[in-house]
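# A structural walkthrough
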Amino acid sequence: MRILIVDDDSTFLDLLEMSLAENGFKEVVQASSADLVLEFLDNEDPYFDCFVLDIQMPGTDGIKLCSEIRSRQAFRLAPIIMLTSSDSKHAMRQAFNAGATDFLHKPLNSLELAARINTASLLVESLKREAAPVLTVYENPSIDGELNGFHPGTRITFSKIRSMRDYFELENTFLRMDQSLYAVSLFTVELKGFEAVAESANHHEALHLVHMTASIIPRVLMSQRLLFSYVGYGKFTCALMARTPVVPQLLQSRLREKLDFHTKPRAKLNWESDALIVTSLSNRRIMAPSEAVRLLRQETKRLKSCTDRPVPAFEDEANRLFSTKI
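My aim in this report is to walk through the structure given alongside it, one point at a time.

### Some thoughts on the overall build of the protein
Summing up its helical and strand segments, the protein has twelve helices and 13 strands in all. Per-residue burial over the protein gives 54% buried out of 326 residues. Entry remark: accessible area of the protein is about 15600 Å², with carbon and sulfur atoms responsible for 49%.

Below, the structure is given as structure tokens:
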């Protein structure tokens, strides 16, 4: 496994590399700043299996670096473990929103870090095996090469759209939260009849419909605490971490209005905005992260693109793989 470790403290980097080597990770690359990493990623064609990033660094910090790494297709699923000496929950939330897989506090326990790297890698492999086809589009969706064999059940992530994540990234955000109670609204936005649209229209038209809807959702909700994913067959799963609940009928009306404005000019698209449906996944507004994950999985299991095998929770896999108490 090739690991990139990033910290502005060279002594800490040397100690961390030695610690990883003692635990079987021999191929480790050091970097002293986020800016050096970004320059390296831009000018080389590197491959890393895992990233270990310090949050607090001069210049570009670890959270920004995490987001930049996640935006590159080669590292969409790579484990990214964040390190910090702070107990700030705000920093943790920012890190997970940027795409972090896990979070550890300094000073580090070398066995714990090794366990987290192994477990994160196991989860990523599970995601790769279980995931339905996923299409990640970085700029304009009208790219011929990406659309060959496009299937209505394909999960799509537009990396430039604010708050949009791959479904497993969305789920992982809740898996990483402590089991307190949170104010959260879970709901779906569904394009009824999308399969018929995908079959009758060309692939560009079907993809543009998904892209327009994905672009409109964060504009209408206008919240930094929104996360949503497209899970195939015209359906988006959404989570809004806010005290004010989402009113499905009101949101549905506003989304239809915006989408109607954008779809009317596209005469080839045989779809009407009144086929957009918003459905709440629960009447509860306060719930634990485990309950949110259960509801999200229950919804996605109904789609033909999803399997019945759930992604294991981090703690369960750690207990199964590492019997030694840390």
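This is not the end of the story, as more comes after the structure.
### Structural notes on the pattern of salt bridges
The full count for this structure, using the stated rule, is 15 salt bridges. A salt bridge links Lys106 to Asp7; the shortest N-O distance between them is 2.8 Å. Of this pair, Lys106 sits in the loop between strand E5 (102-105) and helix H5 (110-130) while Asp7 sits in the loop between strand E1 (2-6) and helix H1 (10-22), placing them 99 residues apart in sequence. By relative accessible area, Lys106 is classed as partly exposed at 23%. We note a salt bridge from Asp42 to Arg72, for which the minimum N-O separation is 2.4 Å. Residue Asp42 is located in helix H2 (residues 34-43), and its partner Arg72 is located in the loop between helix H3 (62-70) and strand E4 (80-84); the two are separated by 30 residues in the primary sequence.

### Re helix H11 (residues 289-300)
With twelve residues, H11 should cover 16 Å at 1.5 Å per step; its first-to-last C-alpha distance of 17 Å lies within 8% of that length. In terms of burial, H11 is a largely internal element, nine of the twelve residues being buried. Within the span of H11, buried status applies to Pro289, Glu291, Ala292, Val293, Leu295, Leu296, Arg297, Glu299 and Thr300. The secondary structure elements touched by the buried residues of H11 are helix H7 (167-175), strand E8 (182-183), strand E9 (185-191), strand E11 (235-240) and strand E13 (286-287).

### Observations concerning the nonpolar core
Judged by nonpolar contacts, the single largest core of 34 residues is most densely connected at Phe187, Val189, Phe228, Phe236 and Leu255. Going through the elements one at a time, strand E7 (155-158), E9, helix H8 (194-200), helix H9 (203-221), strand E10 (226-230), E11, helix H10 (248-263) and strand E12 (276-280) are the ones with two or more residues in this core. Top element by residues in this core is H9. It accounts for ten residues. Apart from the residues lying within four places of it in its own chain, the contact partners of Phe228 are Ile161, Arg162, Ser163, Met164, Arg165, Ala214, Ile217, Pro218, Phe236, Thr237 and Cys238. Among the nonpolar cores identified, the runner-up in size contains 25 residues, and Leu38, Leu41, Phe51 and Phe96 belong to it.

Each value, and the rule that gives it
Residues numbered from 1 in each chain as written. Predicted model: local features only at pLDDT ≥ 70, side-chain atom pairs only at ≥ 80, totals over all residues. Heavy atoms only, no water. Helix = DSSP H or I, 4+ residues; strand = E, 2+ residues; numbered from the N terminus. Buried < 20%, exposed > 50% of the residue type's maximum accessible area, 1.4 Å probe, protein only. Areas by Shrake-Rupley, 256 points an atom, 1.4 Å probe, with all protein chains shown as cover. Salt bridge = Lys/Arg side-chain N within 4 Å of Asp/Glu carboxyl O. Expected span 1.5 Å × (residues − 1). Contact = heavy atoms within 4.5 Å. Core = buried A, V, L, I, M, F, W, Y, C linked by side-chain atoms within 4.5 Å.

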